[in-house]
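Structural characterization, general
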There are 2 protein chains.
Amino acid sequence: MRTPLTRELHDLLERGRDRQLRLAVTGLSRSGKTAFLTSLVNQLRHAGLEARLDLLPAAREGRLLGARRIQQQDLGVPRFPYDQAMLALDDQPPRWPEATRGISELRLAIRYRPARRGLLGVETRQLTLDLFDYPGEWLLDLPLLDHDYLSWSRAQRHDGDGERAALFTDWHRAVADLDPAEEVDEARLAEIAEQYAKGLRAAREAGFADLQPGRFLLPGELEGAPVLQFFPLPGIAEADRGELAALPAESLYATLARRFRHYQQHIVKPFYREHFRRFDRQIVLVDVLGALNAGPERFEDLSRALSNLMQSFDYGRRSLLTRLFAPRIDRLAIAATKADHVTPEQHGRLVALLEALLADPLKDLRFADVPVRALSLAAIRATQSREVNQQGRRSPALQGTTLAGESLLMFPGEVPDRLPAADFWSRQGFDFTAFRPLPRDKGTPLPHIRMDAALDWLIGDKLS
Amino acid sequence: MRTPLTRELHDLLERGRDRQLRLAVTGLSRSGKTAFLTSLVNQLRHAGLEARLDLLPAAREGRLLGARRIQQQDLGVPRFPYDQAMLALDDQPPRWPEATRGISELRLAIRYRPARRGLLGVETRQLTLDLFDYPGEWLLDLPLLDHDYLSWSRAQRHDGDGERAALFTDWHRAVADLDPAEEVDEARLAEIAEQYAKGLRAAREAGFADLQPGRFLLPGELEGAPVLQFFPLPGIAEADRGELAALPAESLYATLARRFRHYQQHIVKPFYREHFRRFDRQIVLVDVLGALNAGPERFEDLSRALSNLMQSFDYGRRSLLTRLFAPRIDRLAIAATKADHVTPEQHGRLVALLEALLADPLKDLRFADVPVRALSLAAIRATQSREVNQQGRRSPALQGTTLAGESLLMFPGEVPDRLPAADFWSRQGFDFTAFRPLPRDKGTPLPHIRMDAALDWLIGDKLS
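Because the structure is predicted, anything quoted here is derived from the model rather than measured.

1. A look at the domain arrangement of chain A
All names here are of chain A. Domain boundaries assigned for chain A yield domain 1 (4-78 + 106-130 + 281-380 + 446-463) and domain 2 (142-272). Taking the mean C-alpha position of each, domain 1 and domain 2 sit 34 Å from one another. With both chains or domains summed, domain 1 and domain 2 bury close to 1,500 Å², and 54% of this area falls on carbon and sulfur atoms. Put simply, domain 1 and domain 2 have three salt bridges between them. Arg-304 is paired through a salt bridge with Asp-210; the nearest N and O atoms lie 3.5 Å apart. Across the contact surface, domain 1 and domain 2 share 11 residue pairs in polar contact (both at pLDDT 80 or more). At the level of secondary structure, the elements contributing two or more residues to the side of domain 1 that touches domain 2 comprise α12 (296-310) and α13 (320-325). For the side of domain 1 that touches domain 2, the leading source of residues is α12, giving six residues. For the side of domain 1 that touches domain 2, a count of residues per class yields six nonpolar, four polar and six charged.

See the structure below:
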């Protein structure tokens, strides 16, 4: 086996010759990561044959010869379950693949002919594409590195009277009795931490996204470990800092603070150090339509979550990330997924809404000179677009089969092209229906919308 | 937070002054680890009050003042779920606690008065006891470090016509088609590896214990990772070594061998390096009665598994373990658990059988000068011992409540005091019934058999 050092060197050389690219796919739960990666692999495997990839020049020009999966480098990272996903999509009726948890990877060897002939006539080249899939929730923990326990506690808000705050009532009641100076009762602390985690899980179930610490939602082998047993202490103030810092190691406050630091050092940092900083390119998937459908509280929550998440791509010279990890992503895409769930003439508005939602982070990215592109796509189409004749007027509609198996022809509504104001929610709203994947002949490529545009932005320049 | 270095130094100093002890509890699945640890904590917490610990001098002499749980050092290791276990035992009717998975820990501060008074009159001292619980299955992987992939493949036997071999039929059929030199098809390899893991899981379900690689049975976050996708290749011979080693990296053989090495380096070694070599003392629990009950094939399998497992305690100068990890366990106990499931006059025979089962490893341990003691115990009693009058003859019996809730008075049979010969199985056999924990008043200590003897051997000298 190659030693890690020479392997890194080898990787570096390969990348230097434009032969290797590490592309990461992320997004919050249910943003469509699994569908996107499955479709991406599927399109590349069918490239050169039946895949429709007109927006990807190498494919349009017949230079893309195909792709096959080869062995990944890091044997300790789960392999992206492409075959299982295709089995679900090939089922009768087709099913959506099961969502992945944690990180997974898959390596493709892509064969293509360069646009210019070499001296020796027609030659083929190979691009090794490493694909990574990881939960966007992990990125929500980055801002946590910029805090100590005191400031983090103060930044977490679980009061107020929204639907989300109501999910933390039990925890809030329990935590109110605690005195930072009291000697810690570990069993009681574990109990209150579990109430906090329960609140986070309930919030996620209810469609909220701006949830920290992310690992509380997916504890894995750390279930029951003290590092996942902490929570913010409401009611402590910046003015108490000196007094709190002087509390003994066995105090509740010192215990919570110690666990918070352990979480930073042993949970958050390793992901950035071992994975994130090695990605060359990145696509962030956003289920804008789902959030639009879920009403104003969740839409605003998504907006906050995305601002947090996008901090991981802010490479400004003074950014937290740059100081800590020196990442090197040289190209970023942000995609509104499930575009097939609105009629085609709405796609432009969908992109405009996505850009409005990310306006501040996008400004930072442009300022930091990170090339970024926003688009809308459907990785795996679930609807056909139709026109219906209503009293002599032709209007656009969608045809699909609901998850319950009902065939439906509908117009889901107009997507606002800017952040919706209060009257949007009361007046109009949005009627989003979840559809099954379209049936197709087995062995044919997955139908999609603009996967080729995404591919062009993410890997097109490496195929020229 | 203390840095790891100063923490280690602090630990070292504490241990030097007899103030700190790291005690590990292990055993194969269903050997009674959770019950043992729960009872151990429970007895020490009740010491000085109602606990019956006459075989532990510090308790008998009234010098053991009690114990309380304090914060553990390693925040990334799950805490042993003592409270949940006690909840189950305090239930109506009492239930056995749920088995732990993976490693867990718990730290106790034990207060005692030394046997000799100090100059300043009555003083109390504190012993910090770190308790660890981990699956004995992990120790079955140690011998794997002594192999390369070729020799490991040859050492694994899944043919023959036992009940165990039958569980590997599917895998055996699939692997027979493979050519070590063929280019690897990863999807196919993953499939065959899953068949192998399925065989291991079925074997464990059926009560077999000698199963490798241990992590295949408990993949956790490595589910789907290539490092858990390998298996032995039957039919390769030592004579093929040169030829096999020359196969290209993409060949099936080279791929399997690479994954095997990764498993050694990244799964097996870290446990020994990060945990095992830091334990001071160790108790290995063995469910001899369960194996006796399950018949000859499983009993022999347990014997093989224990020989493998005990290699982790062989500190002879030339042992694999000593070469690799320099462990320092200075005292070892081996206990036949569930002694309350046979009548008391059988307990001596139970220990004799345990010693016979471990005869070879015990010889090695004594040769290596590791102090070791074999005993029988019941961590949490499930039966009362009775006498019944049969035709004027008084004979011993057990009274208990079966898991199904039926009250039972029975004589389970005689335990052989040496390794049972073929005629034992055909002639006599053994009738083992699983009982519920005895009901008791909430807040009273757990009834046990010889937990105090085990405690005396494991920590008694530190309380003098």
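2. Quick notes on the relation of the copies chain A and chain B
With an axial shift of 0.0 Å and an RMSD of 0.0 Å, the rotation relating chain A to chain B amounts to 180°. What we have between these two chains is a two-fold relation. Both copies present the same face, since 100% of the interface residues in chain A are matched by interface residues at the equivalent positions in chain B.

3. Description of the sheet that holds strand β7 (residues 372-376) of chain B
All names here are of chain B. Strand order across the open sheet formed by seven strands is β2-β3-β4-β1-β5-β6-β7, with mixed pairing between neighbours. With one partner strand each, in any of the chains shown, β2 (64-70) and β7 form the two edges of the open sheet. Between one strand and the next, the sheet's axes are offset by a mean angle of 20°, whatever the strand orientation. Summarising the sheet, strand β6 (residues 331-336) and β7 pair through five bridges and their orientation is parallel.

4. Describing unusual backbone geometry
Peptide bonds are, in most cases, trans, and in most cases residues other than glycine have a negative phi. With omega at -10°, the peptide bond leading from Gln92(A) into Pro93(A) counts as cis. Positive phi is not limited to glycine here, since Asp369(B) has a value of about 65°. The residue Asp369(B) is located in the loop between α15 (359-367) and β7 in this model.

5. Section: the sheet that holds strand β5 (residues 281-286) of chain A
The pairing of strands in a sheet comes from backbone hydrogen bonds and takes either a parallel or an antiparallel form. Residues and elements named next belong to chain A. Strand order across the open sheet formed by seven strands is β2-β3-β4-β1-β5-β6-β7, with mixed pairing between neighbours. Every other strand in the sheet has two partners, leaving β2 (64-70) and β7 (372-376) as the edge strands with one partner each. Within this sheet the neighbouring strands show an average axis-to-axis angle of 20°, counted without direction. One ladder, built from six bridges, connects β2 with strand β3 (residues 104-112); its direction is antiparallel. Considered in β3, the bridge of Arg-68 is made with Ala-109.

6. Description of the interface of chain A and chain B
Taken together, the contact pairs 32 residues of chain A with 33 residues of chain B. Both faces combined, the contact of chain A with chain B buries some 2,600 Å², and carbon together with sulfur accounts for 51% of it. When the shortest N-O distance is used, the salt bridge between Arg79(B) and Glu186(A) registers 3.4 Å. Put simply, chain A and chain B have 15 residue pairs in polar contact (both at pLDDT 80 or more) between them. If you list the elements that add at least two residues to the side of chain A that touches chain B, you get β2, α8 (186-205) and α10 (252-274) of chain A.

7. Looking at the pattern of salt bridges
Between side chains of opposite charge, a pair can form when the charged atoms approach closely. One pass over the full model with this rule turns up 52 salt bridges over all chains. The salt bridge partner of Glu183(B) is Arg68(A), with a shortest N-O separation of 3.4 Å. One end of the pair, Glu183(B), is in the loop between α7 (169-176) and α8 (186-205); the other, Arg68(A), is in strand β2, on a second chain. Residues joined in a network through salt bridges with shared partners are Arg164(A), Asp210(A), Asp301(A) and Arg304(A).

8. Brief notes about α8(A)
All names here are of chain A. Compared with an ideal rise of 1.5 Å per residue, which puts 20 residues at 28 Å, α8 spans 28 Å between its outermost C-alpha atoms and is within 8% of the ideal. Three or more residues of α8 are buried, namely Glu-186, Leu-189, Ala-190, Ile-192, Ala-193, Tyr-196, Ala-197, Gly-199, Leu-200 and Ala-203. Sitting at the amino-terminal end of α8 is Asp-185, which places a side-chain oxygen 3.1 Å from the backbone nitrogen of Ala-187. Gly-207 occupies a position one or two residues after α8 and carries a positive phi of about 95°.

9. Considerations on the pairing of strand β8 (residues 383-390) of chain B
Residue and element names in this part refer to chain B. When β8 meets strand β9 (residues 393-401), the two strands line up antiparallel, connected through eight bridges. Pairing of Thr-383 across the sheet is with Gly-400, part of β9. Where β8 folds back onto β9 in an antiparallel hairpin, the turn is made up of two residues, including Gln-391, whose phi is positive at roughly 45°.

10. What about helix α2 (residues 33-46) of chain B?
Residues and elements named next belong to chain B. Compared with an ideal rise of 1.5 Å per residue, which puts 14 residues at 20 Å, α2 spans 20 Å between its outermost C-alpha atoms and is within 8% of the ideal. Most of α2 is tucked away: 13 of the 14 residues are buried. Backbone geometry just after α2 places Gly-48 at a positive phi near 85°.

11. Some details on the side chain of Gln156(A)
As for its placement among the helices and strands, Gln156(A) is situated in the loop between α5 (149-155) and α6 (163-166). Among residues more than four places away in sequence, those in contact with Gln156(A) are Tyr196(A), Gln212(A) and Pro232(A).

12. Here we look at the packing of aromatic side chains
Given two aromatic rings, their pairing is described by the distance between the two centres and the angle made by the two planes. Residue and element names in this part refer to chain A. Applying the stated rule across the entire model yields 48 aromatic pairs over all chains. A centroid spacing of 5.6 Å and a plane angle of 70° characterise the contact between Phe-230 and Tyr-263, whose relative ring orientation is edge-to-face. Residue Phe-230 is found in the loop between α8 and α9 (241-245), and its partner Tyr-263 is found in helix α10; the two are separated by 33 residues along the sequence. Comparing Phe-230 with Tyr-263 shows no difference in burial state: the two are buried. Ring-pair connections join several aromatic residues into one group, and the members of that group are Phe-132, Tyr-134, Trp-138, Phe-271, Tyr-272, Phe-276, Phe-279 and Phe-313. Over the aromatic face of Trp-457 sits the side chain of Arg-331, whose NZ or CZ is 4.5 Å from the ring centroid.

13. A short note on the side chain of Gln282(B)
Residues and elements named next belong to chain B. Following the sequence through the fold, Gln-282 ends up in strand β5 (residues 281-286). You can call Gln-282 buried: its relative accessible area is 0%. Within the structure, Gln-282 has its side chain in polar contact with the side chain of Tyr-134 (distance 3.2 Å). Those residues within four positions of Gln-282 in sequence are excluded, and the remaining contacts are Leu-23, Ala-24, Val-25, Thr-26, Tyr-134, Phe-276, Phe-313, Ile-329, Arg-331, Leu-332, Ala-333 and Leu-458.

The rules behind the values
Residues numbered from 1 in each chain as written. Chains lettered and ligands numbered in written order. Predicted model: local features only at pLDDT ≥ 70, side-chain atom pairs only at ≥ 80, totals over all residues. Heavy atoms only, no water. Domains from an automatic or database assignment. Buried area = accessible area lost by both parts, 1.4 Å probe. Salt bridge = Lys/Arg side-chain N within 4 Å of Asp/Glu carboxyl O. Polar contact = N/O pair within 3.5 Å; in protein donor to acceptor, adjacent residues only side chain to side chain. Helix = DSSP H or I, 4+ residues; strand = E, 2+ residues; numbered from the N terminus. Nonpolar A, V, L, I, M, F, W, Y, C, P; charged D, E, K, R; others polar. Least-squares fit on C-alpha atoms with pLDDT ≥ 70 in both. Contact = heavy atoms within 4.5 Å. Pairing = 2+ DSSP bridges. Axes fitted to C-alpha atoms, helices over the stretch in contact; angles between N-to-C directions. Expected span 1.5 Å × (residues − 1). Buried < 20%, exposed > 50% of the residue type's maximum accessible area, 1.4 Å probe, protein only. Phe/Tyr/Trp six-rings, centres within 6.5 Å; stacked < 30°, edge-to-face > 60°. Lys NZ or Arg CZ within 6 Å of the ring centre and 35° of its normal.

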